[in-house]
Each structure stands twice: as C-alpha cells, then as structure tokens.
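Structural overview for review
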Amino acid sequence: QVQLVESGGGLVQAGGSLRLSCAASGRTFSTYIMGWFRQAPGKEREFVATWGWNGIRTYYADSVQGRFTISRDNAKNTVYLQMNSLKPEDTAVYYCGARPIVNSRVYFESDYDYWGQGTQVTVSS
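Residues numbered from 1 in each chain as written. Predicted model: local features only at pLDDT ≥ 70, side-chain atom pairs only at ≥ 80, totals over all residues. Heavy atoms only, no water.

1. A few points about the pattern of salt bridges
Using the criterion set out here, one finds 5 salt bridges in the structure. The partner of Glu-46 in a salt bridge is Arg-38, and the shortest N-O contact between them spans 2.6 Å. The class of Glu-46 is partly exposed, set by a relative accessible area of 37%. A salt bridge links Asp-90 to Arg-67; the nearest nitrogen and oxygen atoms lie 2.8 Å apart. Residue Asp-90 is located in the loop between strand 8 (78-83) and strand 9 (92-100), and its partner Arg-67 is located in the loop between strand 6 (58-60) and strand 7 (68-73); the two are separated by 23 residues in the primary sequence. We classify Asp-90 as buried; its relative accessible area is 1%. Look at Arg-67 and you get buried, because its relative accessible area is 11%. Shared partners join several salt bridges into a network, and the residues in it are Arg-38, Glu-46, Arg-67 and Asp-90. (Salt bridge = Lys/Arg side-chain N within 4 Å of Asp/Glu carboxyl O. Buried < 20%, exposed > 50% of the residue type's maximum accessible area, 1.4 Å probe, protein only. Helix = DSSP H or I, 4+ residues; strand = E, 2+ residues; numbered from the N terminus.)

The values reported here are purely geometric and, on their own, carry no functional implication.
In structure tokens:
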C-alpha cells in the first residue's frame, strides 16, 4: 500500500511559478515510480511528467516540456513538480500517482495503482 499527499497548489498569474509536492509513504514505496497527471474541468486526466523504469530518464507532456521539471528527494520520499511560465491552460487539479517499477509504460493513467487527492492549480490571465 502506498499513500500519496499532494500540496503546493494555488492561484498564480500567467507567467508565474509554483512548486507542487507529493509526499509518499508505505512499506512498498521503493517498488513504485511516481508521476504527475492533471485534470482540467470537463476533460480527462492527462499525463504531465514522470521518470522511466530506472528512475533516470524523465518524460514530459509536449505541452509542459521546457517549463515544468520533475524532481525528487529520496530521503524525504517526496516528489516535486516545478512549474514555470505558467499559462491559463495549465489550470487543473494536479495529481500524483504511483506505478509499479516493473511497468515500462509511463503515459497511461491506468498503469498507476495509487493516487493522491489532488491539488488545485489556477492560472489567471
């Protein structure tokens, strides 16, 4: 069992920055890889960022490439999403998810076993 708790969302003007955090716990945490998804009103949840199976290569959605950075602090079991140059279209609830390390697929929501409660990000124009 893995528990995930996101934080750091809020209201920011276009062009601004936010850093989201996802604190993970659970005795099987080391066998999972974390990722970020988001869901805008009226839309399906979409992939944002994650690592590959070896925890080295990073993957980003085209819409956030160059603006968002995923990172982690293993000592704190915490994953971060630094979001810069935010745009109104980045407005969404952001979710942290955990998928088994043996799963090589990274983009699909269905491959993630655990989810946090989400944190709202609102970007005003």
